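Listed here are the chains, written in short residue letters.
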Amino acid sequence: MVQYLVMLAPTFLVAAFFLVFVQGWSRYQTWTRTITCAIVFGVAVRYLWWRLTETVLPYPDDGLDFYWVWFLYGIELLAFFDITLFLIIMSRYVDRSAQADALASDFFRRPRQELPTVDVFIPTYNEPLDVLERTIIGALGLHYPEEKLKVYVLDDQRRDWLRRFCEEKGAIHVIRPDNAHAKAGNMNNGLTVSDGEFVAVFDADFVAHRNFLRRTLPFFTDPSIGIVQTPQHFFNRDPVQINLGLERSWPDEQRLFFDEMAASRDAWDISFCCGSCSITRRAALEAIGGFPTESITEDLLTTLTMLNKGYKTRYLNERLSIGLAAENLKGYFVQRQRWCQGGIQTLFVHNGPLRGPGLSLFQRIMFLPVSWLVQYFVRVAILIVPAMYFWTGYPPLFFTEAADLVSHQLPVLVAYFLLMHWITPTRYLPVVSSAVGAFSTFRMLPTVISSLIRPFGRPFRVTPKGSSNVDNKFDGYTFACLAILIAATALGLVINIMPEWARIPPGEFSPVAIYWALVNVVVLTIAALVCFEKTNPASESLRADEPARFGGIAGRAVSLTLDKAVVEIPIGTDVETGKVVEVTLHGVEPFEAELRRVTRRTQGRRRDTSPFKYGHLHYDLTGAARDQMIIKLYTGDYSQDIEELRRRTVAAGLFSRTFGPDYQRV
């Protein structure tokens, strides 16, 4: 009994620290974050020292075993370096909202004619009108004096229909003779035809909230601020959420960065521009010669080049825009491969973190693309180790017993998971988060390797978006990689459980390896589910709760899109489907719609007993009514954010995705 208590003591101490002390602390205080991150760092250092002195250095140089031992320890050191940088970043936190309030109060007291001029850039390449119209109408509807605001649609495909649309709406359509330097070159051309003191950038699929400028411009009263970046939120679900069936319970994967990490980076003055949903001082752009063209991620390089000149990037963690997430796996990987390649490219350019003049040592380290370089190698190692052990007999750790791992490795895992649960309780779930990482690994690792060998060998690729993006396919390559690993791990486990087939002597078969293998199989299985593409509607309905009338009947709109609405009405209301009725919604002039059907909600196989039914209205808005509906839906009043991680619903969703749904839709 005493032996087990000693073995588990470090884990108990770590768990007690988090559960007794940390759970009562505010996660928005720098001192609480510093203490918790320091504890996790200390536990990790203890583990690595034990690994080095007890399992690595004592091992004799007698063949492949020796290199396998050092290879795995090298992978752990890489992971430790990545986690250390993460802990340093997350040990601080800043919320700029109160500062924005104070600055705005003074900034907008000045006379209208003294407000600075602003140009809004919308760079576009191949996006269809159903994507672009939201962005253009939203930019034109910003709350800012009309005479101080111009909207430039930077069209790199020189489309006549887009020119006509811009002329109709009051935006400025800009073309250039070639597409040199892709997005960066397009925006640099925009700089030559515009003259605003500030330049706000929105990708073609992002709609600015009406108060965007009122919240961001006041930060520029500090002359050292070159860029103000805001988070990216989405009105549709990304393919990971859709394919796992977790649309309503699991947030999109970018939330961890935009909701947590970006604010922490800002506290260290190492925040960076993410391109869209940002605003930049033109004088700072002129000081660096315009948007840098050396990398396909011009946004990150813009931040680094401005740092060289003494300009900082600020991050305001407020939902000030809404956009379109990658709609399928093809777009998902095009986007992330571009980010990965662009991050690695910064290592090879003159204004990057290694060679850029004027950067401090801390800034150089914190802008290294460590996560891109490390995470996929580490994930591959974690996934293949059990299979390698089962088939070759090479265990991941030598001179160890289960008790050693419980005493040294388990505290690290517990400390890290509890830290993540505390810092980001609504964004992280170990098994599902690991599965999403495993899913990406087999496509992203080749990108990492090719970017290191030929960093500029792949050209800029635009993420496919909108109605033209209908490529819904099964990801056979990733599924094959995952299936091979599942089979190798599971079959190796079965073989070694059977004494007559075992490749590992019974006395050496580690129970830790069995547990590790089982966890890997679960993670890989969940990752494999992502490979089965499901339809991801770009016009996904936005949740609403507001008065609405149709055909003289009063109700409440509970769901809205640009062409459909669902209105809740009392169960006893007499309505006739197939009729054209007049609809009244706040903020939109009355319009006509067809009442296609009336439904009752269901729960399982039992009919809903609520006193309401739901009218489904379909309409085709044009002119002012359509513009008003765009402004209403996409410029600030509606959100698809998942505020609370529903862990039970996640489990139920994965079970349903695997074994089939147990519900019916009406």
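Residues numbered from 1 in each chain as written. Predicted model: local features only at pLDDT ≥ 70, side-chain atom pairs only at ≥ 80, totals over all residues. Heavy atoms only, no water.

> Requested: an account of the confidence of the model for the chain, with residues and values cited.
Averaged over the chain, the pLDDT score is 89; the fraction of residues at 70 or greater is 92%. Below a pLDDT of 50 lies the segment residues 602-606, which in the model reaches 8 contacts outside its immediate sequence neighbourhood of four places, other chains included. Scored below 50 in pLDDT, residues 661-666 makes 13 contacts in the model with residues more than four places away or belonging to other chains. (pLDDT = per-residue confidence, 0-100. Contact = heavy atoms within 4.5 Å.)

> Go over helix α6 (residues 160-169) with me, naming the residues and quoting the values.
In an α-helix there are 3.6 residues to a turn, and that puts residues three or four apart on one side. Those residues of α6 that sit buried are L162, F165, C166 and K169. One side of α6 carries all its buried residues, which in axial view fall inside an arc of 100 degrees. Opposite the buried face of α6, by more than 90 degrees, sit the exposed residues E167 and E168. A positive phi of about 100 degrees marks G170, the residue just after α6. (Buried < 20%, exposed > 50% of the residue type's maximum accessible area, 1.4 Å probe, protein only. Helix = DSSP H or I, 4+ residues; strand = E, 2+ residues; numbered from the N terminus. Arc of directions from axis to C-beta.)

> Quick one: what's the story with the sheet that holds strand β2 (residues 149-155), residue by residue and with numbers?
Within a beta sheet, neighbouring strands are joined by backbone hydrogen bonds and run either parallel or antiparallel to one another. Here 7 strands make up an open sheet; going across it, the order is β3-β2-β1-β4-β7-β6-β8 and the pairing mixed. Lying at the two open borders of the sheet, with one neighbouring strand each, are β3 (172-174) and β8 (312-315). Ignoring strand direction, the axes of neighbouring strands in this sheet form an average angle of 25 degrees. With 3 bridges joining them, strand β6 (residues 225-229) and strand β7 (residues 278-281) adopt antiparallel strand pairing. Residue I227 lies in a different strand from β7, and its bridge partner there is T280. (Pairing = 2+ DSSP bridges. Axes fitted to C-alpha atoms, helices over the stretch in contact; angles between N-to-C directions.)

> Explain empty space enclosed by the protein to me, using residue names and the numbers behind them.
If you roll a probe as big as a water molecule over the atoms, it shows you where there is empty space left. Enumeration according to the criterion identifies 5 cavities of 30 Å³ or more in this entry. Volume-wise, the largest cavity comes out at about 70 Å³. Contributing to the lining of the largest cavity are F234, N236, R237, Q241, P251, D252, R255, Q640, D641 and I642. Here the residues of the lining of the largest cavity sort into 3 nonpolar, 3 polar and 4 charged. (1 Å grid on protein atoms, 1.4 Å probe; cavity = no way out; pocket = protein on both sides within 12 Å on 5 of 7 lines; lining within 4 Å. Points joined across faces, edges and corners; volume = space filled by probe spheres on them. Nonpolar A, V, L, I, M, F, W, Y, C, P; charged D, E, K, R; others polar.)

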